[in-house]
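What follows is each chain in one-letter form.
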Number of protein chains: 2
Amino acid sequence: MNSALPGRARLIALDWGTSSLRAYRLGDNGAILDTRHLPWGIMRLPQSVSVGAAPAVTSSGFELAFEQACGDWLRAEPGTPVIASGMVGSAQGWKEAAYLDVPVQLDQIGSALTVIDRPGGQPVHLVPGLIQRQGLPNVMRGEETQVFGALGRDDAGDVLVGLPGTHSKWVTVRQGGVTHFDTFMTGEVYAALRGHTILGRTMSETPAPDMTAFEHGMKVAGSEAGRAGVLSTIFSTRTLGLTGALPGHAQAEYLSGLLIGHEIAALADLVRTRGEPSRIVFCGEASLCRRYGLAAQHYGLGSPEVAEHATERGLWRVALAAGLVSTQS
Amino acid sequence: MNSALPGRARLIALDWGTSSLRAYRLGDNGAILDTRHLPWGIMRLPQSVSVGAAPAVTSSGFELAFEQACGDWLRAEPGTPVIASGMVGSAQGWKEAAYLDVPVQLDQIGSALTVIDRPGGQPVHLVPGLIQRQGLPNVMRGEETQVFGALGRDDAGDVLVGLPGTHSKWVTVRQGGVTHFDTFMTGEVYAALRGHTILGRTMSETPAPDMTAFEHGMKVAGSEAGRAGVLSTIFSTRTLGLTGALPGHAQAEYLSGLLIGHEIAALADLVRTRGEPSRIVFCGEASLCRRYGLAAQHYGLGSPEVAEHATERGLWRVALAAGLVSTQS
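Here the structure is a predicted model, which means the values were calculated and not measured.

1. Quick word on the overall build of chain A
Here is step 1: Along the backbone of chain A there are nine helices and 15 strands.
Here is step 2: For chain A, the C-alpha radius of gyration of 22 Å lies close to 20 Å, the compact-globule estimate for 329 residues.
Here is step 3: Surface exposure of chain A reaches about 13,400 Å², of which carbon and sulfur atoms provide 50%.
Here is step 4: Between the averaged position of the 26 positive side-chain charges in chain A and that of its 30 negative side-chain charges there is a distance of 2 Å.

Okay, here's the thing in structure tokens:
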């Protein structure tokens, strides 16, 4: 573990969210040399584990998780800079990082890193989140880094970046700056409805993805019946079951379709008012991006591209903007 | 308990839902002689209790709850007819009662009672639910009885009856017949969001009703920001807390206002398309009706009346239509 590692590391980049931690060992120009995926989200950290060859000391859960993520990498190549983004910089995280106000240039993110000093160890640089104070306030932590990674440097016109997930974010970028963003709690609402309302009671396991049921629900949102809004249409998950039109194993996908449909129908309406983006880019898990893509197409938003490796690219770009790494390295 | 009871009973009427059971002893013309409230909803029935003076026998939870609700009333006045409405007639209830298809005359409900034969005991007559098969299907059990009880016999024009609760129902009645209804899962969604999403984490106990916070949320739904829809606006419960604009103790009322606001804003939009009712009547718990009344006023639906004793009146009217009681009695 502490012997020769492949390539030469320029940056250790951490994507540290609520439920998991991804660590990247990045080489010249951000090339990915190694990746690790650990279950140590900020809401479930390791409590007391052996920290390898290091002497047993009382360490915080963050230190313990950090050691597992990249302790050996740092011992092999001491002095490699470390950057981290996501909820690790929230009030419930390792240390609270700033919020930058929108509108903001993506490059600027690198000039506002918060440093965690680790006596005897490598400091960790936390990426700030973004806050939007106009209208209903909105915040993000981690997605700003993915947006930076998803975008080319020379996009002309507005780009709309969609980041589906527990809390979906829709981020408008103009000439390298975030000008606006929206949040939809679609993923978390889905889990709460499925796990903690009557809708979950008639659902059975879905043996395989059921895109027919998904599309059924997704299209209802924009139908005449959808005008009653999501608080009303979700009840049809149950009633279509009562009338025999929707078997138990199709109800979860139908509900997912309904919620994503309502999200995208509302978004398409907002986009028409604000002005169409020149393109739409998705960052996220492949099967979720596929579902959002179907909804985008149905509601007139075209066929968005899916950005790959946006997180690690974004972390590299923030580090570059911060001077932690250089293009020559 | 089994000695002389006040007045002479003509009907024993049960309002038996998911979480509680109300029993009414009704006299001439439906006058309320006695009322009992028991915690025995169909989802939590008594398991093994002493059934008063009756010999200990193995009885179902429904029988045990029934005995506690009105066993002594029936022993004092054997032969008094018994009627019950609500989820007791669902697939998870004592016996499954029919659904009548909408549109349906309220009088007709009395001609479709389902009878539970109780060997050696008084039979129980179950009120059917209503089902609407056009568009997304919709069902109700219990509310049809409240609607019957809420309405005068000679309403001209459409009356819209609002029944706020776990699942709000909005029922259009024309010339004594239910022509259409909608369901909003507002109450249950509120509980799921509060108990099982990140929104609940920053909420603290509300020492007293906070109508300012409620109205704040209620009005957001119909504002420019509300156009993003409820999946988006609910996140502001958290972000307004982060920016210091909404203290923890105000967040639950704000969220309640948001959800009820989205329900009423959608309803007002539907009502404008379908044609304005001549009046709106609420049936439900007083503090909830007050909140819905504020929303109704804000979204242009005027100041609805609140119907009193709709449930017991409705049960009497169904029994009358069924011939279980008569106006002469």
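There is more to say, and it comes next.
2. Examining the sheet that holds strand E11 (residues 158–163) of chain B
Residue and element names in this part refer to chain B.
Here is step 1: Judged by pairing direction, the sheet is mixed, and its six strands sit side by side in the order E6-E13-E12-E11-E14-E15 without closing on themselves. A strand with exactly one partner marks an edge of an open sheet, and here the two such strands are strand E6 (104–105) and strand E15 (305–306).
Here is step 2: Each of E11, strand E12 (168–174) and strand E14 (279–282) is contacted by helix H2 (residues 143–150), which is oriented at about 130° to E11, the strand it contacts most.
Here is step 3: Helix H8 (residues 286–298) rests against E12, E14 and E15 of the sheet, and its axis sits at about 155° to E14.

3. A word on the domain arrangement of chain A
Interface size, as often reported, equals the accessible area lost upon joining of the parts.
Residues and elements named next belong to chain A.
Here is step 1: What the domain assignment lists for chain A is domain 1 (11–51 + 58–156 + 309–322) and domain 2 (185–306).
Here is step 2: Relative to domain 2, the C-alpha centre of domain 1 lies at a distance of 31 Å.
Here is step 3: Taken together, the contact pairs seven residues of domain 1 with four residues of domain 2.
Here is step 4: Summed over both partners, the interface of domain 1 with domain 2 comes to about 340 Å²; 50% of that surface belongs to carbon and sulfur atoms.
Here is step 5: Applying the counting criterion to the domain 1 and domain 2 interface returns zero salt bridges.
Here is step 6: Between the two partners, domain 1 and domain 2, sit zero residue pairs in polar contact (both at pLDDT 80 or more).
Here is step 7: Per-class residue counts for the side of domain 1 that touches domain 2 are four nonpolar, two polar and one charged.

4. Observations concerning the packing of helix H4 (residues 211–220) of chain A against helix H8 (residues 286–298) of chain A
Residue and element names in this part refer to chain A.
Here is step 1: The geometry of H4 relative to H8 is characterised by a closest axis approach of 11 Å and an angle of 40° between their N-to-C directions. As summarised for this structure, H4 and H8 are arranged oblique, according to the angle between their axes. Considering only the axes of H4 and H8, their crossing is right-handed. Facing H4, whose interface residues are Met211, Phe214, Glu215, Met218 and Lys219, H8 presents Arg290, Arg291, Leu294, Ala295 and His298.

5. Quick word on the pairing of strand E1 (residues 11–16) of chain A
All names here are of chain A.
Here is step 1: For E1, a buried count of five out of six residues is recorded, marking the element as mostly surrounded by other parts of the structure.
Here is step 2: In this structure, E1 lies alongside strand E2 (residues 21–26), joined through six bridges in antiparallel fashion. Considered in E2, the bridge of alanine 13 is made with tyrosine 24.
Here is step 3: Where E1 hands over to E2, the hairpin turn is made up of four residues, counted between the paired strands.
Here is step 4: Examined bridge by bridge, E1 and strand E4 (residues 82–85) share four bridges and lie parallel to one another. Its bridge partner being in E4, aspartate 15 is matched across the sheet by serine 85.

6. Observations regarding the interface of chain A and chain B
Here is step 1: With 48 residues of chain A at the interface, the matching set in chain B holds 48 residues.
Here is step 2: Together chain A and chain B conceal approximately 3,900 Å² of surface at their shared face, both sides included; 72% is due to carbon and sulfur atoms.
Here is step 3: For the interface between chain A and chain B, the tally reads two salt bridges.
Here is step 4: Taken together, the connections running from chain A to chain B amount to 13 residue pairs in polar contact (both at pLDDT 80 or more).
Here is step 5: Listing elements by their share of the side of chain A that touches chain B, those giving two or more residues are strand E10 (138–140), strand E13 (177–184), helix H3 (186–196), helix H5 (230–233), helix H6 (236–242) and helix H7 (248–274) of chain A.
Here is step 6: Across the side of chain A that touches chain B, the residue classes break down as 26 nonpolar, 14 polar and eight charged.

7. Notes on the environment of cysteine 283 of chain B
Residues and elements named next belong to chain B.
Here is step 1: Within the fold, cysteine 283 resides in the loop between E14 and H8.
Here is step 2: The buried category is assigned to cysteine 283, whose relative accessible area is 3%.
Here is step 3: It is 5.9 Å that separates the C-alpha atoms of cysteine 283 and valine 306, two residues lying 23 residues apart in sequence.
Here is step 4: Those residues within four positions of cysteine 283 in sequence are excluded, and the remaining contacts are Gln146, Ala150, Val161, Gly162, Leu163, Pro164, Cys289, Ala307 and Ala310.

8. Thoughts on H2 of chain B
Because the α-helix completes a turn every 3.6 residues, residues three or four places apart line up on one side.
Here is step 1: With respect to burial, H2 of chain B is a largely interior element, seven of its eight residues being buried.
Here is step 2: Of the residues making up H2 of chain B, those classed as buried are Glu143, Glu144, Thr145, Val147, Phe148, Gly149 and Ala150 of chain B.

9. Some points on the pattern of salt bridges
Here is step 1: If you walk through the whole model with that rule in mind, you get 27 salt bridges over all chains.
Here is step 2: The salt bridge involving arginine 36 of chain A is made with aspartate 72 of chain A; its shortest N-O contact spans 2.8 Å. Linking arginine 36 of chain A in strand E3 (residues 32–38) with aspartate 72 of chain A in helix H1 (residues 61–76), this pair joins segments that are 36 residues apart in sequence.
Here is step 3: Ionic pairing is found between lysine 219 of chain B and glutamate 215 of chain B, a salt bridge with its closest N-O pair at 3.6 Å. Of this pair, lysine 219 of chain B and glutamate 215 of chain B both sit in helix H4 (residues 211–220), separated by four residues, roughly a single helical turn.
Here is step 4: Under the relative-accessibility criterion, lysine 219 of chain B is labelled partly exposed at 38%.

10. A closer look at the sheet that holds E2 of chain A
All names here are of chain A.
Here is step 1: Within the open sheet, the six strands sit side by side as E3-E2-E1-E4-E8-E7. Their pairing is mixed. Of all strands in the sheet, those with a lone pairing partner are E3 and strand E7 (114–116), marking the two edges. Ignoring which end each strand starts from, the neighbouring axes of this sheet average 20° apart.
Here is step 2: On top of the sheet, H1 reaches E1, E2, E3, E4 and strand E8 (124–126); it is set at about 155° to E3, its chief contact.

11. Some remarks on unusual backbone geometry
Working note: non-glycine residues mostly have negative phi, and peptide bonds are mostly trans.
Here is step 1: Residue proline 103 of chain A is reached from valine 102 of chain A by a cis peptide bond, and omega for that bond is 5°.
Here is step 2: The residue proline 103 of chain A is located in the loop between strand E5 (99–101) and strand E6 (104–105) in this model.
Here is step 3: One non-glycine residue with positive phi stands out, namely asparagine 29 of chain B, at about 55°.
Here is step 4: Considering the arrangement of structural elements, one finds asparagine 29 of chain B in the loop between strand E2 (21–26) and strand E3 (32–38).

12. Regarding the relation of the copies chain A and chain B
Copy one and copy two of the chain differ by a rotation about an axis and a translation along that axis.
Here is step 1: You can overlay chain A on chain B at an RMSD of 0.0 Å; the transform is a turn of 180° with a shift of 0.0 Å along its axis. Accordingly, the operation relating the two chain copies is best matched by a two-fold axis. Identified as the residue of chain A closest to the rotation axis by C-alpha distance is alanine 192 of chain A, at 2.9 Å.
Here is step 2: Interface overlap between copies is the fraction of interface residues in one copy that are interface residues in the other; for chain A against chain B it reaches 100%, indicating a shared surface.

13. Regarding the environment of arginine 227 of chain B
Here is step 1: Take arginine 227 of chain B: it is sitting in the loop between H4 and helix H5 (230–233).
Here is step 2: Taking C-alpha positions, arginine 227 of chain B is 9.8 Å from histidine 262 of chain B, a pair spaced 35 residues apart along the chain.
Here is step 3: Beyond its immediate sequence surroundings of up to four residues, arginine 227 of chain B is in contact with Ala266, Asp269, Leu270 and Thr273 of chain A.

Cut-offs used in this document
Residues numbered from 1 in each chain as written. Chains lettered and ligands numbered in written order. Predicted model: local features only at pLDDT ≥ 70, side-chain atom pairs only at ≥ 80, totals over all residues. Heavy atoms only, no water. Helix = DSSP H or I, 4+ residues; strand = E, 2+ residues; numbered from the N terminus. Rg over C-alpha atoms; globule rule 2.2 N^0.38 Å. Areas by Shrake-Rupley, 256 points an atom, 1.4 Å probe, with all protein chains shown as cover. Lys, Arg positive; Asp, Glu negative; His and termini not counted. Charge placed at Lys NZ, Arg CZ, Asp CG, Glu CD. Pairing = 2+ DSSP bridges. Contact = heavy atoms within 4.5 Å. Axes fitted to C-alpha atoms, helices over the stretch in contact; angles between N-to-C directions. Domains from an automatic or database assignment. Buried area = accessible area lost by both parts, 1.4 Å probe. Salt bridge = Lys/Arg side-chain N within 4 Å of Asp/Glu carboxyl O. Polar contact = N/O pair within 3.5 Å; in protein donor to acceptor, adjacent residues only side chain to side chain. Nonpolar A, V, L, I, M, F, W, Y, C, P; charged D, E, K, R; others polar. Parallel < 35°, antiparallel > 145°, perpendicular 65-115°, else oblique. Left-handed = near helix turned anticlockwise from the far one by under 90°. Buried < 20%, exposed > 50% of the residue type's maximum accessible area, 1.4 Å probe, protein only. Least-squares fit on C-alpha atoms with pLDDT ≥ 70 in both.

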